[in-house]
Amino acid sequence: MNAGVRRRLPFIATVLTSFLAPIATTAFLTSSSSSSTSHINSSSSVITSNNNNSAGRSSSSTITTTNPNRSIMTGLGASSNALDEEISKFCESAGHQVKSIDWAGSSDWASFRKVSLKDDTNKMYFVKTSTRSAKEMFEGEALGLQAMYECSQQSGDGLVIPNVHHWGDYSGGSLLIMDFLQLGGRGSEEALGRAMAQLHLAKPSEANGNPNGVFGFGVDNTIGGTPQPNPWTEGGTTKDWIEFYKKHRMEHQIKLAGDRTCAKLWDSDIAPRLHLLFEGIEVKPSLLHGDLWSGNIGTASGKPSIYDPAVYWGHHEAEWGMSWCASFGIKFWNGYRELIPQDPGFADRKPLYDAYHQLNHYNLFGGGYLGSAQSLLQQVKKKLDAKEKK
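One numbering rule holds for all chains: residues counted from 1, following each sequence as written. Local features in this predicted model are restricted to residues whose pLDDT is 70 or higher, and side-chain atom pairs enter the listing and the counts only when it is 80 or higher, whereas totals over whole chains, interfaces and linings include all residues. Hydrogens and waters are ignored; side-chain quantities use all the structure's heavy atoms.

Counting its secondary structure elements, the chain contains 11 helices and 13 strands. Within the chain, the proportion of its 390 residues that are buried is 58%. Only heavy atoms matter for contacts: two residues are in contact if any of them lie within 4.5 Å across the pair. Counting only contacts in the chain whose residues sit at least 6 apart along the sequence, the fraction spanning at least 24 positions is 74%. For accessible areas, the Shrake-Rupley method is used with a probe of radius 1.4 Å. Any residue's cover is judged against the shown protein chains and nothing else. Total accessible area computed for the chain in this model is approximately 15700 Å², and 50% of it derives from carbon and sulfur atoms. Secondary structure counts use DSSP, requiring at least four H or I residues in a row for a helix and at least two E residues in a row for a strand, with both numbered from the N terminus. When accessible area is computed with a 1.4 Å probe and restricted to protein chains, residues below 20% of their type maximum are described as buried, those above 50% as exposed, and intermediate ones as partly exposed.

Met196, Trp241, Met250, Trp266, Phe278, Ile306 and Leu352 are the most contacted members of the largest nonpolar core, which totals 76 residues. The residues contacting Met250, other than those within four sequence positions of it, are Tyr245, Trp266, Leu352, Ala355, Tyr356, Leu359 and Leu377. We call a set of buried Ala, Val, Leu, Ile, Met, Phe, Trp, Tyr and Cys residues a nonpolar core when their side-chain atoms join them within 4.5 Å. The next biggest cluster of nonpolar side chains, apart from the first, holds 14 residues, and it includes Ala82, Cys91, Val98 and Leu117.

Between its terminal C-alpha atoms helix α5 (residues 139-152) stretches 20 Å, which fits the 20 Å expected from 14 residues at 1.5 Å a residue. Most of α5 sits out of view: 14 of its 14 residues are buried. By definition here, a helix of n residues has an expected span of 1.5 Å times n minus one.

In this section: unusual backbone geometry. Positive phi, normally seen in glycine, also occurs at Ser301, with a value near 55 degrees. Mapped onto the elements, Ser301 comes out in the loop between β11 (297-300) and β12 (303-306). The exposed category is assigned to Ser301, whose relative accessible area is 68%. Even without being a glycine, Ser327 presents a positive backbone phi close to 55 degrees.

With that settled, the discussion passes to the confidence of the model for the chain. Per-residue confidence from the prediction method is given by pLDDT, with values spanning 0 to 100. Mean pLDDT over the chain: 84, with 80% of residues reaching 70 or higher. Scored below 50 in pLDDT, residues 1-37 makes 135 contacts in the model with residues more than four places away or belonging to other chains. Below pLDDT 50 for its whole length, residues 52-77 participates in 95 contacts with residues either more than four positions away or in separate chains.

Topologically, Gly193 is positioned in helix α6 (residues 189-201). Sequence-wise, Gly193 and Trp333 are 140 residues apart; in three dimensions their C-alpha atoms are separated by 6.1 Å. Excluding residues that lie within four positions of it along the chain, Gly193 makes contacts with Phe332, Gly335 and Tyr336.

The interhelical angle for the contact between α6 and helix α9 (residues 330-337), taken along N-to-C directions, is 35 degrees, at an axis separation of 7 Å. The way α6 lies across α9 gives a crossing that is right-handed. Along its contact with α6, which presents Glu189, Glu190, Leu192, Gly193, Arg194, Met196, Ala197 and His200, the element α9 presents Lys331, Phe332, Gly335 and Tyr336. In terms of residue class, the contact of α6 with α9 is built from 5 nonpolar, 3 polar and 4 charged. Convention adopted: a line fitted to C-alpha atoms gives each axis, helices being fitted over their contacting stretch, and angles between N-to-C directions are expressed from 0 to 180 degrees. We call a crossing left-handed when the near helix sits turned anticlockwise from the far one by less than a right angle, and right-handed when that turn is clockwise. In the scheme used here, Gly and all other residues not listed as nonpolar or charged are polar, with Ala, Val, Leu, Ile, Met, Phe, Trp, Tyr, Cys and Pro taken as nonpolar and Asp, Glu, Lys and Arg as charged.

Our focus in this paragraph is the pattern of salt bridges. The rule for a salt bridge is simple: a side-chain nitrogen of Lys or Arg has to be within 4 Å of a carboxyl oxygen of Asp or Glu. Here the structure, examined in full by the defined rule, presents 14 salt bridges. Between Glu86 and Lys89 there is a salt bridge, with the nearest N and O atoms lying 3.5 Å from each other. With Glu86 and Lys89 both in helix α3 (residues 78-93), this residue pair falls 3 residues apart, about one helical turn. Its relative accessible area of 14% is what places Glu86 among the buried residues. By sharing partners, the salt bridges in this structure join Arg273, Lys381, Asp385 and Glu388 into a single network.

With respect to the secondary-structure elements, Gly302 resides in the loop between β11 and β12. Judged by its relative accessible area of 61%, Gly302 falls in the exposed class. Sequence separation between Gly302 and Leu183 is 119 residues; the distance between their C-alpha atoms is 8.4 Å.

For the rest of this paragraph, the subject is the sheet that holds β11. What makes two strands pair is DSSP finding at least two bridges between them. Strand order in the open sheet formed by 3 strands is β7-β11-β12, and the pairing between neighbours is antiparallel. For this open sheet the edge positions go to β7 (183-184) and β12, each flanked by a neighbour on one side alone. By the bridge criterion, 2 bridges tie β7 to β11 in an arrangement that is antiparallel. The partner of Gly184 across the bridge, within β11, is Thr299. Docked against the sheet, α6 engages β11 and β12, running at close to 55 degrees with respect to β12.

Let us now look at helix α10 (residues 346-365). Between the first and last C-alpha of α10 there are 28 Å, a value that for 20 residues agrees with the 28 Å anticipated at 1.5 Å per step. Taking burial as the measure, the 20 residues of α10 include 14 buried ones, the bulk of the element. Directly after α10, the chain includes Gly366, whose backbone phi takes a positive value near 75 degrees.

Attention shifts here to the packing of aromatic side chains. Any two rings among Phe, Tyr and Trp, with Trp reduced to its six-membered ring, count as a pair given centres within 6.5 Å; such a pair is stacked if its planes are under 30 degrees apart, edge-to-face if over 60, and tilted if neither. One pass over the full model with this rule turns up 20 aromatic pairs. Residues Tyr245 and Tyr353 carry aromatic rings whose centres are separated by 5.0 Å and whose planes lie at 85 degrees to one another, so their mutual orientation is edge-to-face. With a gap of 108 residues between them, Tyr245 in helix α7 (residues 238-257) and Tyr353 in helix α10 connect regions that are remote in the sequence. Take Tyr245: its relative accessible area is 1%, and that puts it in the buried class. Among the residues examined, Tyr353 registers a relative accessible area of 2% and is labelled buried. With a centroid separation of 6.1 Å and 75 degrees between ring planes, the pair formed by Phe328 and Trp333 is classed as edge-to-face. Residue Phe328 is classed as buried on the basis of its relative accessible area of 13%. Looking at Trp333, the relative accessible area reads 21%, which means it is partly exposed. Through a chain of ring-to-ring contacts, the aromatic side chains of Phe215, Trp241, Phe244, Tyr245, Tyr312, Tyr353 and Tyr356 assemble into a single cluster.

Encoded structure:
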């Protein structure tokens, strides 16, 4: 079994439990920085935020219990009553009446609720809650989901992404409210490939949070539990991407790792020549999930869905830095390449993008990931050496 999968087994077990029980789960998305005020959004809302620092991660499972008239969690008393009231207040503002608020599991960072409505049996909400502030927990997740939602609406065969409706603080902590999705296991790999290509082909706009067509994101977020800086670049050119990836991806992770071998390889042999890997191609900003591995892929109502993102705008090839843990087969790539053909030099850049995630795994879990990162950087060095000899 892949080491990355072994490291994530507790999370996978939680997800599988929710899939195999009443198969009534919802998307499990990354938490990150968020505003301390309340935000209500619709599918046509414009995504706006300043770039702030934050940390946090959440995942979810579903356990069905019900009691619409009392505190959901025995022993939480006033805090849970305050949450019930906050959820009901939101539903009323959206023109709905609450039928039930069901306990839907928890993670180390957050708890989850499923909200059923009296007046609309076809619609449910999924609510994430935390004792920490919305700024710390939910803004990055909310804005990332909104951006993915907007980009996926541009095509009829796009990804199913939950629409975010509200996030903010209340007297007992903070909450995030989104559409509830019926999640299932992976479906058609071709359909997933085409849907991912549609996401990457979506043009930057004000509606999806990138009116200037540049790299980065509106807020910093996290990848796993590791902070991920996303400052906007000045432009949207290949040169801008190279500088962004150097400083805010590789150098950031190498600094956290504190490994001299990686630092020397990067500083002396790779960074000064990195532009050679991008000769002959034009890199344009694509919206990336950012942490796409098997545990973050499924279906909603039979259509491809992805969740638990670390969203930012980057080179579409950077999306595949976790493909060593994603089991993408020929059918997936056939679907993807129908819309986005492979650029020259893809294989040369692949170890560069893999190295970011191997370093992140080392920073999260330690162990053999450091050796893997060192090996990948050696591969990049050799490719650059070969290019210089031509």
